[in-house]
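Breakdown of the fold
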Amino acid sequence: MEIFVSPEAEADLQEIGDYIAQDNPHRAATFIDEIRSPFEAISRMPLAYAERPEIDPGVRACVHGSYVIFFYVNDATVEIARVLHGARRAAGRFIESRTLSCKAPVSVSTGSNEPA
């Protein structure tokens, strides 16, 4: 499935990176890459992840360390909606519309030379 990253999720990643960069700029970049690494697994088997209807109807979650990647499955696409620290209250942080927020798919590095 194609992966789309919402503007809100991109902003979340930027905020996480900025926070970490205050103490360690190099680690901020590598950490954001680590948080993005589950995106490919999510795209391969999105229905394997638990639904979280108490947060928003149709949203699913993938835990990565202290962070939770929230996403929606839309036909042949996966929309990464938010990336939040597990200690943050997730309810209410989702946009009303669950339509795709992004217009172009995002490439996910697989560690090989083949396209994601």
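Below, the structure is looked at part by part. Because the structure is predicted, anything quoted here is derived from the model rather than measured. (Residues numbered from 1 in each chain as written. Predicted model: local features only at pLDDT ≥ 70, side-chain atom pairs only at ≥ 80, totals over all residues. Heavy atoms only, no water.)

Here's the deal with the packing of aromatic side chains
Each aromatic ring pair is described using two quantities: the centre-to-centre distance and the angle formed by the ring planes. All chains considered together, the criterion is met by two aromatic pairs. With centroids separated by 5.6 Å and ring planes inclined at 65°, the aromatic side chains of Phe31 and Tyr67 adopt a geometry described as edge-to-face. Taken together, the residues Phe31 in helix 2 (residues 25–36) and Tyr67 in strand 3 (residues 67–74) connect sequence positions 36 residues apart. Comparing Phe31 with Tyr67, the two get one shared label, buried. Between Tyr49 and Phe71, the aromatic rings sit 5.7 Å apart at their centres with planes inclined by 85°, giving edge-to-face as the arrangement. Of this pair, Tyr49 sits in the loop between helix 3 (38–44) and strand 2 (60–64) while Phe71 is found in strand 3, placing the two residues 22 residues apart along the sequence. Its relative accessible area of 21% is what places Tyr49 among the partly exposed residues. Note on Phe71: relative accessible area 0%, which makes it buried. (Phe/Tyr/Trp six-rings, centres within 6.5 Å; stacked < 30°, edge-to-face > 60°. Helix = DSSP H or I, 4+ residues; strand = E, 2+ residues; numbered from the N terminus. Buried < 20%, exposed > 50% of the residue type's maximum accessible area, 1.4 Å probe, protein only.)

Regarding the sheet that holds strand 1 (residues 2–5)
Across a sheet, paired strands are connected by hydrogen bonds in the backbone, their directions being either parallel or antiparallel. Judged by pairing direction, the sheet is mixed, and its four strands sit side by side in the order 1-4-3-2 without closing on themselves. If you trace the sheet from one side to the other, it starts and ends with strand 1 and strand 2, each paired once. Neighbour-to-neighbour, the strand axes of this sheet turn through a mean angle of 30°, independent of strand direction. Inspection of the sheet shows strand 2 paired to strand 3 by five bridges, in the antiparallel sense. Bridge pairing in strand 3 links Val63 to Val68. Running over the sheet, helix 1 (residues 7–21) touches strand 1, strand 3 and strand 4 (77–85) and is turned about 35° from strand 4. Together, strand 1, strand 2, strand 3 and strand 4 form the strand contacts of helix 2, whose direction differs from that of strand 3 by roughly 40°. (Pairing = 2+ DSSP bridges. Axes fitted to C-alpha atoms, helices over the stretch in contact; angles between N-to-C directions. Contact = heavy atoms within 4.5 Å.)

Structural notes on the nonpolar core
Soluble globular proteins: nonpolar side chains tend toward being buried together. Core analysis: the biggest nonpolar cluster contains 19 residues, and Ile16, Ile35, Phe39, Ile42, Ile69, Ile80 and Val83 have the highest contact counts within it. One finds Val59, Tyr72, Ala81 and Leu84 within the second-largest nonpolar core, a separate group that totals eight residues. (Core = buried A, V, L, I, M, F, W, Y, C linked by side-chain atoms within 4.5 Å.)

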